[in-house]
Amino acid sequence: MLNKHAIAILACLSLFLTACNSDNKEQAKFSLGLSDAPVDDAEIVMIKIDSIKVINTDESNGKQEILIERFTYEGALVDSIQVNLRDLTGTRQIKIIDEAQGISLDDGVYTMELNVDDAGSYVVLASNGEKYDIKIPSSRLRLGEFTVHSDAVQVDDKPAYTIEFDLSQSLVLRGNDPAKNGYIIKPHGVRIVSLYGDISGTVSAINTNLGACMVYLYDGTLTESADLADLFDSNDVSFVGPVPTAIAPLAATNVDVSGTVDVKGTYSIGFVPEGDYTLALRCNSETDDNILYERLTIPSVDIKSQPVEDNLQTVHISADSPSIVDF
């Protein structure tokens, strides 16, 4: 079931600051791209976007709204964009709004709303090849805040801002039969970042021999005494029980293993904002539901219930600088 596995799907947007306007407010040209991370059970995750609205939350700026209805795709302007996010795994991305389109924003704090075409958005499972709908309430995906600032610039085709769809948290199967209810994408786990770096690494065969592995990303520098939570969404209608006090992960991704025994695994987490983070590895036969809090043991422990050495590591992320963290 897709809601039992980690899926990280990412989208990117860039804001290039240019000259001041007549009110001496800095302006930003807007550009957007898409990216994805490895998916366990989905062969295709197709999303079709008809328009994007960017809304300034600052009352003093008049709560400026920009509606974007044209996109850049392979050098041409198109009226909508449809992309299989499985073609854009890990740190790869595709720019879909170019700064050359001349869309300008004032400096400040914004929210974003994606108008998604449900008819053009769907999931195809690798297990059976069947196609299932992606349904978004009111066909609008309302995202959280991000800040337009002068340090974030587009470089060539690389956007400066990233909308990261961590679908290990936001893509949910409704009910037990996808043919009846399909999947839904929620804002939970979706964030917009800038000045980002990437994390990748290998996982030893000692770990992969324990079962399927997942790497979790947490904010800040944490120690083995920290209470680390698995994936959950206490705002989902299907969530039951008290809200966890454990530290929730920012993102999670499956470890890719191309063998069965004594084989190293690989993983990557792209578009991580500058700062200090903790990575934790879990390898066993358990699966992580992205709604319910299951109190999974993170990081993994050995047969004596002791933490496995090096399965909890810290990393500092700098913009445009890849980081390697091996387990």
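Reference entry: report on the structure contained in this document. (Residues numbered from 1 in each chain as written. Predicted model: local features only at pLDDT ≥ 70, side-chain atom pairs only at ≥ 80, totals over all residues. Heavy atoms only, no water.)

**A few points about the overall build of the protein**
Scanning the protein from terminus to terminus reveals three helices and 25 strands. Here the protein holds 327 residues, and the buried ones make up 53% of them. The long-range share in the protein, meaning contacts at least 24 apart out of those at least 6 apart in sequence, stands at 76%. (Helix = DSSP H or I, 4+ residues; strand = E, 2+ residues; numbered from the N terminus. Buried < 20%, exposed > 50% of the residue type's maximum accessible area, 1.4 Å probe, protein only. Contact = heavy atoms within 4.5 Å.)

**A short note on the nonpolar core**
Core analysis: the largest hydrophobic core is formed by 42 residues, its most contacted members being Ile52, Val54, Met112, Leu114, Leu143, Phe146 and Tyr183. Considering each element in turn, this core owes the most residues, six residues, to strand 3 (residues 42-56). Counting residues in each nonpolar core, the second largest holds 18 residues, with Ile269, Tyr277, Val315 and Phe327 among its members. (Core = buried A, V, L, I, M, F, W, Y, C linked by side-chain atoms within 4.5 Å.)

**Examining the sheet that holds strand 22 (residues 265-273)**
An order of 21-22-18-25 is seen for the four strands of this open sheet, with the pairing classed as mixed. In this open sheet, the two edge strands, each paired with only one partner strand, are strand 21 (256-257) and strand 25 (323-324). (Pairing = 2+ DSSP bridges.)

**Structural notes on the side chain of Arg282**
Mapped onto the fold, Arg282 is located in strand 23 (residues 275-284). From its side chain, Arg282 meets the backbone oxygen of Glu286 in a polar contact 3.1 Å long. When sequence neighbours within four positions are dropped, the list of residues in contact with Arg282 reads Ala212, Cys213, Met214, Tyr216, Thr287, Asp288, Leu296, Thr297, Ile298 and Ser300. (Polar contact = N/O pair within 3.5 Å; in protein donor to acceptor, adjacent residues only side chain to side chain.)

**A word on the packing of aromatic side chains**
Per the counting criterion, the structure on display carries seven aromatic pairs. Ring geometry for Tyr267 versus Phe327: centroids 6.0 Å apart, planes at 50°, classification tilted. With Tyr267 in strand 22 and Phe327 in the segment after strand 25, the pair connects residues that are 60 residues apart, well separated along the chain. As far as the burial class goes, Tyr267 and Phe327 line up, both buried. Ring pairing ties together the aromatic residues Phe232, Phe239 and Tyr293, which thus form one cluster. (Phe/Tyr/Trp six-rings, centres within 6.5 Å; stacked < 30°, edge-to-face > 60°.)

**Quick word on the environment of Leu292**
Along the polypeptide, Leu292 turns up in the loop between strand 23 and strand 24 (312-317). When its relative accessible area of 31% is taken as the criterion, Leu292 is described as partly exposed. Taking the C-alpha atoms as reference points, Leu292 and Val240, separated by 52 residues in sequence, lie 6.9 Å from one another. Setting aside residues up to four positions removed in sequence, Leu292 forms contacts with Asp230, Leu231, Phe232, Ser238, Phe239 and Val240.

**Details of the pairing of strand 20 (residues 251-254)**
Alternating positions in strand 20 separate into two faces, Ala251 and Thr253 on one and Ala252 and Asn254 on the other, with burial throughout. Inspection of the sheet shows strand 19 (residues 212-219) paired to strand 20 by four bridges, in the antiparallel sense. Looking across to strand 20, one finds that Val215 is bridged to Thr253.

**Here we look at the sheet that holds strand 19**
Overall, antiparallel pairing links the four strands, which are arranged 20-19-23-24 in an open sheet. The open sheet has two edge strands with one neighbour each: strand 20 and strand 24. Averaged over all adjacent pairs, the angle separating strand axes in this sheet is 25°, with direction ignored. (Axes fitted to C-alpha atoms, helices over the stretch in contact; angles between N-to-C directions.)

**Comments concerning the pattern of salt bridges**
One pass over the structure, following the stated rule, counts eight salt bridges. Put simply, Glu113 and Arg142 hold a salt bridge, and the shortest N to O gap is 3.3 Å. Pair noted here: Glu113 is in strand 10 (residues 108-116) and Arg142 is in strand 13 (residues 140-148), with a separation of 29 residues, a long-range link. Looking at Glu113, the relative accessible area reads 13%, which means it is buried. Salt bridges sharing partners connect three or more residues here, namely Glu113, Arg140 and Arg142. (Salt bridge = Lys/Arg side-chain N within 4 Å of Asp/Glu carboxyl O.)

**A look at the side chain of Lys95**
Mapped onto the elements, Lys95 comes out in strand 8 (residues 93-97). Classification of Lys95 as buried rests on a relative accessible area of 12%. Only 2.6 Å separates the side chain of Lys95 from the side chain of Asp98, close enough to count as a polar contact.

**Some details on the pairing of strand 10**
Within strand 10, seven of the nine residues are buried, which leaves the element mostly enclosed by the surrounding structure. Relative to strand 10, strand 3 is paired through seven bridges, and the arrangement is antiparallel. When the bridges of strand 10 are listed, Ile49 appears paired with Val116. As paired elements, strand 10 and strand 13 share seven bridges and run antiparallel to each other. Bridging across to strand 13, Asn115 finds its partner in Arg140.

**Quick notes on the environment of Val257**
As for its position among the elements, Val257 is in strand 21. Overall, the relative accessible area of 30% leaves Val257 in the partly exposed class. Remark: the alpha-carbon pair of Val257 and Tyr267, spanning ten residues in sequence, is separated by 9.1 Å. The contacts of Val257, once residues within four sequence positions are left out, are Thr208, Val263, Lys264 and Gly265.

Read these as geometric descriptors, not functional statements.
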